[in-house]
Structure formats: structure tokens, C-alpha cells
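# Fold and geometry: a report
Here's the letter readout for the chains.
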Amino acid sequence: MRHSRAKGEPRFPDGPKADPAGSHFERRIRSFQPRRSRVTAGQAEALQRLWSRWGLDIDGHHVDLAELFGNDRPVVLEIGFGMGEATAQMAAADPGTNILAVDVHTPGQGNLLNLADHNGLTNVRVANGDAIILLREMLTADALDGLRVYFPDPWPKKRHHKRRLIQPEFLDLAATRLRPGAIVHCATDWEPYAEQMLEVLTAHPLFENTRADGGFAPRPGFRPLTRFEGQGLDKGHVVNDLLFRRVPHEDR
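Everything numeric in this text was worked out from a predicted model, so none of it was measured. (Residues numbered from 1 in each chain as written. Predicted model: local features only at pLDDT ≥ 70, side-chain atom pairs only at ≥ 80, totals over all residues. Heavy atoms only, no water.)

### Topic: the overall build of the protein chain
Counting its secondary structure elements, the protein chain contains eight helices and eight strands. Here the protein chain holds 252 residues, and the buried ones make up 48% of them. Excluding contacts between residues fewer than 6 apart, the proportion of contacts in the protein chain whose partners are at least 24 apart in sequence is 81%. If you sum the accessible surface of the protein chain, you get close to 13300 Å²; carbon and sulfur atoms cover 51% of it. (Helix = DSSP H or I, 4+ residues; strand = E, 2+ residues; numbered from the N terminus. Buried < 20%, exposed > 50% of the residue type's maximum accessible area, 1.4 Å probe, protein only. Contact = heavy atoms within 4.5 Å. Areas by Shrake-Rupley, 256 points an atom, 1.4 Å probe, with all protein chains shown as cover.)

As C-alpha cells, this is what we get:
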């Protein structure tokens, strides 16, 4: 029998909070738009059962990554993981690297938890909320060994370009949390956004292109070809990868 929630009752009492950083509300342009879609029974069960162990609500409070993962292995932050299939594949292929995967899509959160559980992946943690608050308020300097942003919302209309994630201000913040040598890896199938990403990353003094020719990189073997990406390629879409390295501060 389907349970009918009372007004104000949380959707998943033991799962991710609906608005974890409510006390940190701020008037700024968001790069993401929460989507409501149906949560399957398996996803709901995973959220209820696994969130307390492998989930993190982005509420603005400091998080100790070694405590979160139970070890001091390198941590890569992935912003926007969709349904989590690629994240799970990368975690399985590289168990020595921890992946902190952030999204606001509840079905995707449940699906990734399910995949991690079924495949015995102990190096994945799922974060719920705004990645900007996570970077700015919850992580310490040089906490991350990498940053992945795969197929972010391209916000194709010109008046919405200000909502795109990869902007100079975002890179300023990310640079404070990435250790020197850390890799920023972006991928998109929206060519105008790819060009903007390349321009913004190239212009930033704390990042350098790993490509000697200063251009786009071929898809590295560690980034899986997703079903969505394959469908786009079949339609003639061009996917561009960008791999940039965090360089040391000049005063270090």
C-alpha cells in the first residue's frame, strides 16, 4: 500500500534532506535546476538504508574527508553525476581514489548508492546540495586531488549563459580547494560551451592545459562512454574533453 505523507513529513526520513543548506540561503545565480522525477522502489530503499553511511548533506558545516571515507586516499570531486553509472564504473576501475559525487537529483542519488552497494564500491560518497557551498564552506585548502564536471547543463540561451558553472569566479573558488597538480576534467557535447570552457580555463592563471597544442583532449580511457553520450554521438554531436592541471601559487 502506498504511504501518503503528511504535510511537512520528509520524503525520505533517513535519506537526503530536501534543503540541507537552508540556513545558508543566498541570492545568487544557480548553475543547476533541481528536477523532480519518480524515485523507484530500489532507489528509495537505497536512500533509506545507505544514506546515513554513504551520504552527505551539503549544509555548510566543515567535513573531514578522511573521516567521511574512512581513509586518507586522494579525493576527486565530481559535480553532477546524473544517474551515476559512469561514476560507479570509474570508482570500480580505480579503488585507490575516493570519489565525492555531488548532485541534487534524488533518483540519481539513490541509483548511485544502489550501484555502489551492489558492486561493493566503498570509495564513493554521495553529496546532496549545492557544490558551491561545499567548496566554499565545507572543504579545506588543497583538500581535493581532482575535479570532474561531465556534461553540465549548457544553458544554451544567451540570456542564461551567466548560469553556466565553468566561469572565472567558480575557478577562483575551485583553485583554493585543489592541490597543485590536481586535474580539472570537463566534458560537454555542446560545442559553444566547450569553446567557453576552453577560453575561461586557458585564461585562468592557476590552471594550465595538459595539451601542448592548447586545445581539447581526446576522451581519456578512464572516462566511460555513457549511454547518453553514445546517443549524442550517433546523432552527430561532437563531444569535447578538457584536461587542465592546477599549478602552484607563485608565492609557494
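There is more to say after this.
### Some details on the packing of aromatic side chains
Counted under the stated rule, the structure contains zero aromatic pairs. Above the ring of Tyr150, the side-chain terminus of Arg223 is found at 5.7 Å from the ring centroid. (Phe/Tyr/Trp six-rings, centres within 6.5 Å; stacked < 30°, edge-to-face > 60°. Lys NZ or Arg CZ within 6 Å of the ring centre and 35° of its normal.)

### Description of the nonpolar core
In this structure, Leu65, Leu77, Leu100, Leu134, Leu147, Phe170 and Phe207 are the most contacted members of the largest nonpolar core, which totals 44 residues. Per-element tally for this core: the top contributor is helix H5 (residues 131-138), with six residues. Core analysis: the next-biggest nonpolar cluster, separate from the first, contains 21 residues, Val39, Ala91, Val126 and Ala187 among them. (Core = buried A, V, L, I, M, F, W, Y, C linked by side-chain atoms within 4.5 Å.)

### Digging into the sheet that holds strand E1 (residues 55-57)
Sheet strands line up and pair through hydrogen bonds in the backbone, either parallel or antiparallel. The eight strands lie next to each other as E1-E4-E3-E2-E5-E6-E8-E7, forming an open sheet whose pairing is mixed. Looking at the sheet topology across the chains shown, the edges are occupied by E1 and strand E7 (207-209). On average, each strand axis in the sheet is tilted by 25 degrees relative to the strand beside it, whichever way the strands run. Taken together, the six bridges between strand E6 (residues 178-188) and strand E8 (residues 240-246) define a ladder with antiparallel strand orientation. Residue pairing in the sheet places Ile183 in a bridge with Arg245 of E8. Strands strand E3 (98-103) and strand E4 (124-128) of the sheet are contacted by helix H4 (residues 106-118), whose axis makes an angle of about 170 degrees with E4. (Pairing = 2+ DSSP bridges. Axes fitted to C-alpha atoms, helices over the stretch in contact; angles between N-to-C directions.)

### Concerning the pattern of salt bridges
As enumerated under the stated definition, the model contains eight salt bridges in all. Arg49 is the partner of Glu45 in a salt bridge, and the nearest nitrogen-oxygen pair spans 2.6 Å. Separated by four residues within a single helix, Glu45 and Arg49 lie in helix H1 (residues 41-54), roughly one turn from each other. The exposure class assigned to Glu45 is partly exposed, which follows from its relative accessible area of 37%. Using a relative accessible area of 37% as the deciding quantity, one classes Arg49 as partly exposed. In this structure, a network of salt bridges that share partners links the residues Glu45, Arg49 and Asp117. (Salt bridge = Lys/Arg side-chain N within 4 Å of Asp/Glu carboxyl O.)

### A word on helix H3 (residues 85-93)
Within H3 the residues assigned to the buried category are Ala86, Thr87, Ala88, Met90 and Ala91. Turning to H3, the residues buried within the fold contact strand E2 (75-79), E3, H4, E4 and strand E5 (144-150).

### Considering the packing of H3 against H4
Taken N-terminus to C-terminus, the directions of H3 and H4 make an angle of 30 degrees; their axes are 9 Å apart at the nearest point. It follows that H3 is roughly parallel to H4 by the angle criterion. You can see that H3 and H4 cross each other, and the crossing is right-handed. In this structure, H3 contributes Glu85, Thr87 and Ala88 to the contact, and H4 contributes Asn111, Leu112 and Leu115. Residues of the contact of H3 with H4, tallied by class, amount to three nonpolar, two polar and one charged. (Parallel < 35°, antiparallel > 145°, perpendicular 65-115°, else oblique. Left-handed = near helix turned anticlockwise from the far one by under 90°. Nonpolar A, V, L, I, M, F, W, Y, C, P; charged D, E, K, R; others polar.)

### Considering H5
In an α-helix, one turn spans 3.6 residues, which is why side chains three or four residues apart end up on the same side. Of all eight residues in H5, six are buried; the element is thus mostly enclosed. Buried within H5 we find Ala131, Ile132, Ile133, Leu134, Leu135 and Met138. Contact partners of the buried residues in H5: E1, E2, E3, E5 and helix H6 (168-177). Among the residues of H5, the N-terminal cap falls to Asp130, whose side-chain oxygen and the backbone nitrogen of Ile132 are separated by 2.9 Å. (Polar contact = N/O pair within 3.5 Å; in protein donor to acceptor, adjacent residues only side chain to side chain.)

### Some details on the environment of Ala217
Locating Ala217 in the fold gives a position in the loop between E7 and helix H8 (227-234). Residue Ala217 is classed as buried on the basis of its relative accessible area, which comes to 12%. Placed 26 residues apart in sequence, Ala217 and Leu243 show a C-alpha to C-alpha distance of 6.5 Å. Contact partners of Ala217, with chain neighbours within four places excluded, come to Arg211, Asp241 and Leu243.

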